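Descriptive analysis of the structure
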Amino acid sequence: MKRINFNNVKLQISAGRPEQFPASASPVVAFSGRSNVGKSTLINKFLGRKSLARVSSAPGKTVTVNFYDLDGALLLADLPGYGYAKRTPAERAALSRITDAFFTNNKQINRLKLVLQLIDSRVGINADDATMLDYLNSMQIPYCVVMTKTDKLNKTELEASYNDIASSPFLAEAAEIFGKDIEIVRFSALNGTGVERIKSLVIGACS
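Residues numbered from 1 in each chain as written. Predicted model: local features only at pLDDT ≥ 70, side-chain atom pairs only at ≥ 80, totals over all residues. Heavy atoms only, no water.

**Things to note about the overall build of the protein**
For the record, the criterion: Numbering of helices and strands starts at the N terminus; helices are DSSP runs of H or I of at least 4 residues and strands are runs of E of at least 2. Think of it in three bands: with a 1.4 Å probe and only protein chains considered, a residue is buried below 20% of the maximum accessible area for its type, exposed above 50%, and partly exposed in between. What makes two residues a contact is simply this: any of their non-hydrogen atoms within 4.5 Å.
When its secondary structure is counted, the protein shows six helices and seven strands. Helices and strands in the protein line up, N terminus first, as β-β-α-β-β-α-β-α-β-α-α-β-α. Burial analysis of the protein (207 residues in total) assigns 48% to the buried set. Of all intrachain contacts in the protein linking residues separated by at least 6 positions in sequence, the fraction that spans at least 24 positions is 74%.

**Examining helix α4 (residues 155-166)**
Rules: The length a helix should cover is 1.5 Å for every residue beyond the first. An arc is given here, and it is the one of the directions from the helix axis to the C-beta atoms.
Taking 1.5 Å of rise per residue, the twelve residues of α4 would be expected to cover 16 Å, and the 16 Å separating its terminal C-alpha atoms lies within 8% of that figure. Three or more residues of α4 are buried, namely Leu158, Ser161 and Ile165. Taken end-on, α4 shows its buried residues confined to a sector of 65°, consistent with a single buried face. Residues Lys155 and Thr156 are exposed on α4 and point more than 90 degrees away from its buried face. Considering only its buried residues, α4 is in contact with β5 (112-120), β6 (143-148), α5 (169-178) and β7 (184-186).

Dropping the structure here:
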C-alpha cells in the first residue's frame, strides 16, 4: 500500500440502502460502536479534522453507513451507532437492516479488512456490545477494540476497565479464531492517545 495522506479525505456517500454501498477496489475499514461511544470524535481525530464526521447532539438518529474515501487508498465505513434507548421500534428496525446489510448484502464485503470496535471505557462491554462482538466472531471478521473516553478515568479505573475488557470471553473466543490476541487500544480525544497506534493497525490490516 502507498503511503497514505490522512489529510486527503472526503465523504463519498451516506448510504441508507445496500444498493448505495460504493463499489471500490480499495480495502475497507469499518468503525462500529454504540450510540454516543465517541465514534465521530475518533474519526475526526484519526483524520486530523474537527467536523468531518458530525458529532450529534441527538445521539442515535443516524441510520446510514457513511463512507469516506481516504487518499484514494482505502474506504472508511462509519456504521450507525447501536443501542440507543430512545429509538422507536421502526428506527431500531431500520438500523438493524442497514448494519446487517453492510455485512451480508454488500458486494464489497471481501474488501473489509478490519473493524474498529469502540467500547466506552467507563461502561465496558454491555449487552449490545456483546451482541456485536459475538457477530464479528461468528462471521470471522478481523477486529480490534478501541477503548474510548479514557481521559475520563483515573489510572486505577482505566486499568480495571482494560482488564475487564481483556478478560471478556468474546475476546478469548476471537483469539482462538484468529490465532492471536485481539488488540485493545486506549484512546483519548483530549490528548490523542492511541491515534497513531490505530493508524498503524489500519495500515497493517490493509497492506
